[in-house]
Amino acid sequence: MSTQTITARSAGPADTDTLAATLAEAFQSDPVLSWCYPDVAARARILPTAFRVILEAAIPHGGVETALEGAAASVWVPPAAEIDAERMAGDLGTASEQYADRLLTLMGLLDEHHPTHKEHQYLFLLGTRDAWQSQGLGTALLRSVLTWCDHDGVPAYLEATSERNRSLYERHGFAVTKVIRLPDGPPLWCMWREPV
């Protein structure tokens, strides 16, 4: 399938369960979330609920997109979005069960290193179901928002959680600005993209 034939569309509340399941599958073996939820069975139980919390907070701001009817999803936080971060952190902490402290450590590090010098689109999550990996869905979801960024002169920011993801983002113009180290855990690469 050509990436030219894959189209992204905005997700709505009716997509929440499907996209939570998609993101849970996509991130089941992610290094950072494996650190956050080290028990495999607990991770499989927690992730769908955690992603549902994130989607319910993000969808009203128009930053959630999907491709191939839920086979892939992206969660962007637009510059003007005012997400209730404290409430979301509380809900995620509850969803994280015995791993709430790890989740809050991760969120604290993300917040501490998040750039504040310029308004930007923030790519919080991007994931594709296993069967659709390397088929261009992630590229289609990136292109959808980055085209808008380039047209309107808006930078974009993200944290890559694996070397494979970092390479994908580098191909789309992102550059590493710093590396976050989790306590006794894997790195996250902070990445910034100026509009072209």
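What comes next concerns the included structure. Along each chain, residue indices are assigned from 1 in the same order as the chain's sequence is written. Where totals are concerned, whole chains, interfaces and linings use all residues; where local detail is concerned, this predicted model gives features only for residues with pLDDT of at least 70, and gives and counts side-chain atom pairs only at 80 or more. Water and hydrogen atoms play no part in the side-chain values, which are based on all heavy atoms of the structure.

Bringing the packing of aromatic side chains into the picture now. Each aromatic ring pair is characterised by the separation of its centres together with the angle its planes make. Pairing of aromatic rings covers Phe, Tyr and Trp, the last through its six-membered ring, and needs centres within 6.5 Å; plane angles under 30 degrees mean stacked, over 60 mean edge-to-face, and all others mean tilted. Under the defined criterion, the tally for this structure stands at six aromatic pairs. Here Tyr 157 and Trp 192 contribute two aromatic rings whose centre-to-centre distance is 6.4 Å and whose plane-to-plane angle is 50 degrees, an arrangement assigned as tilted. Pair noted here: Tyr 157 is in strand 5 (residues 156-160) and Trp 192 is in strand 7 (residues 187-193), with a separation of 35 residues, a long-range link. Both residues of the pair, Tyr 157 and Trp 192, count as buried. Chaining the aromatic ring pairs together yields one cluster made of Tyr 122, Phe 124, Tyr 157 and Trp 192. We note Arg 102 situated over the ring of Trp 35; from NZ or CZ to the ring centre the distance is 4.9 Å. Working rule: Lys NZ or Arg CZ, within 6 Å of ring centre, within 35 degrees of ring normal, means a charge sits over the ring. Residue placement shows Arg 166 over the ring face of Trp 189; its charged tip is 4.9 Å from the ring centre. Secondary structure is summarised from DSSP: a helix means a run of H or I of at least four residues, a strand means a run of E of at least two, and numbering begins at the N terminus for each. Burial status follows relative accessibility: with a 1.4 Å probe on protein chains alone, a residue under 20% of its type maximum counts as buried, one over 50% as exposed, and anything between as partly exposed.

Only buried residues count toward a nonpolar core, which is a set of Ala, Val, Leu, Ile, Met, Phe, Trp, Tyr and Cys residues joined through side-chain atoms within 4.5 Å. Core analysis: the biggest nonpolar cluster contains 41 residues, and Phe 51 and Leu 106 have the highest contact counts within it. Going through the elements one at a time, helix 1 (16-26), helix 2 (31-36), helix 3 (40-58), strand 3 (72-77), helix 4 (85-95), helix 5 (100-113), strand 4 (121-128) and strand 7 are the ones with two or more residues in this core. In what follows, residue pairs with any heavy atoms lying within 4.5 Å of each other are defined as contacts. Excluding residues within four positions of it along the chain, Leu 106 makes contact with Val 32, Leu 33, Trp 35, Cys 36, Leu 182 and Leu 188. Leu 123, Leu 137, Tyr 169 and Trp 189 belong to the second-largest nonpolar core, a separate cluster that totals 22 residues.

Okay, the pattern of salt bridges next. The term salt bridge refers to a pairing of a side-chain nitrogen on Lys or Arg with a carboxyl oxygen on Asp or Glu at a separation within 4 Å. Evaluation of the coordinates by the stated rule reveals nine salt bridges. Among the ionic pairs, Arg 45 bridges to Glu 97, the shortest N-O distance being 2.5 Å. You can see Arg 45 sitting in helix 3 and its partner Glu 97 sitting in the loop between helix 4 and helix 5, a full 52 residues away along the chain. Judged by its relative accessible area of 36%, Glu 97 is partly exposed. One salt bridge in this structure joins Glu 194 and Lys 118, with 3.5 Å as the shortest N-O distance.

Here we come to the environment of Ala 24. Within the fold, Ala 24 resides in helix 1. In this structure Ala 24 touches Leu 47, Pro 48 and Phe 51, once residues within four positions along its chain are discounted.

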